[in-house]
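# Reading the structure
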Amino acid sequence: MPFLHSLLAITLENALRYIVAAGIAWWLAFRWCRARWAHRKIVSAAPSRADVRRELAWSLSSLLVFGLVGALTYQAVRAGSSRIYFGDPFADAGWFVASIVLTIALHDTWFYWTHRWMHRPRVFRLVHRVHHRSTNPSPWAAYAFHPLEAVVQAAIFPLAVLLVPMHPLAFVVFMVWQITFNVLGHTGHEYHPRWLLDSWLGKLLNTPTNHAMHHELFRGNYGLYANVWDRLLGTNHPDYAARFRAVTGRERAAPSNPPA
Ligand SMILES: [Zn+2]
Ligand SMILES: [Zn+2]
């Protein structure tokens, strides 16, 4: 496929995933289930229209950057300069799963360290502030990055295919995982059960509360999928556990018009 075709195809594919994931999350959390899920809203106010418009505009610009980096990565794969393999994806089902888990761990590590770097004052002012203009983000903030941050985020495409031997289908599964987790982290609702934080799973997994606090307070909670780096480096916000318990401990309000 010529470069321009792959640029167009990859941009549209990423745009479609973003619109479907963020659109479903937006419609569920702020329309269909707004009242039913109100007790799980981490920040009480809804994101403003201006916030959503800005998040959409920056996300569209990021999609162009992702398309460009994606198309360059695709050319590298075609030239044989990657560890992508073809054929039956399930010939080695164990490795198929392991390659996805490894890519998720690689992305989580890449995100944590580059995110901390982007919180250095100069880099923050120049680059990362765009993402932090949403102090109460909506699902549409998932890709709301300055173009330079979009390049840093998109670097996971070449990193993954250069470092992890994987089938293209495993890469697609990873991409679905990343947009789903990313959108959930910006939807502003805590969907995990209250017991999670006291379990080993809660020590491992990141939560929407963790990322909502990052947007609200600007400091601490730098992780993406896992809470491991934040725990190891002591960068969880000191109020994280208390906030999670407060949000997940609220009772669901009774319906305003109970059936007769
Ligand atoms: Zn940040
Ligand atoms: Zn964010």
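All values derive from a computational prediction rather than experimental measurement.

## With respect to the environment of Leu-217
Assignment of secondary structure puts Leu-217 in helix H9 (residues 208-217). In this structure, the C-alpha to C-alpha distance between Leu-217 and Ala-105, residues 112 residues apart in sequence, is 26 Å.

## Description of helix H4 (residues 121-132)
Counted at 1.5 Å a residue, the expected span for H4 with its twelve residues is 16 Å, but the 13 Å between its end C-alpha atoms falls short. Of the positions making up H4, those classed as buried are Val-127, His-128, Val-130 and His-131. Considered in projection along H4, the buried side chains sweep an arc of 130° and stay on one side of the axis. Residues Pro-121, Arg-122 and Arg-125 are exposed on H4 and point more than 90 degrees away from its buried face. Each element contacted by the buried residues of H4 is listed here: helix H2 (49-78), helix H3 (93-118) and helix H5 (147-154).

## Here's the deal with the environment of Leu-56
Relative to the helices and strands, Leu-56 is located in helix H2. With 84 residues separating them in the primary sequence, Leu-56 and Trp-140 have C-alpha atoms 5.9 Å apart.

## Looking at the nonpolar core
In this structure, Ala-22 and Ala-142 are the most contacted members of the largest nonpolar core, which totals 37 residues. Looking at this core, the elements that each hand over two or more residues are helix H1 (3-32), H2, H5, helix H6 (156-163) and helix H7 (168-185). Element by element, the count of residues in this core is highest for H2, at eight residues. Aside from chain neighbours lying at most four places away, what touches Ala-22 is Pro-139, Trp-140, Ala-142 and Val-183.

Rules behind the numbers
Residues numbered from 1 in each chain as written. Chains lettered and ligands numbered in written order. Predicted model: local features only at pLDDT ≥ 70, side-chain atom pairs only at ≥ 80, totals over all residues. Helix = DSSP H or I, 4+ residues; strand = E, 2+ residues; numbered from the N terminus. Expected span 1.5 Å × (residues − 1). Buried ≥ 20, exposed ≤ 12 C-beta atoms within 10 Å, placed from the backbone. Arc of directions from axis to C-beta. Contact = placed C-beta atoms within 7 Å. Core = buried A, V, L, I, M, F, W, Y, C linked by C-beta atoms within 7 Å.

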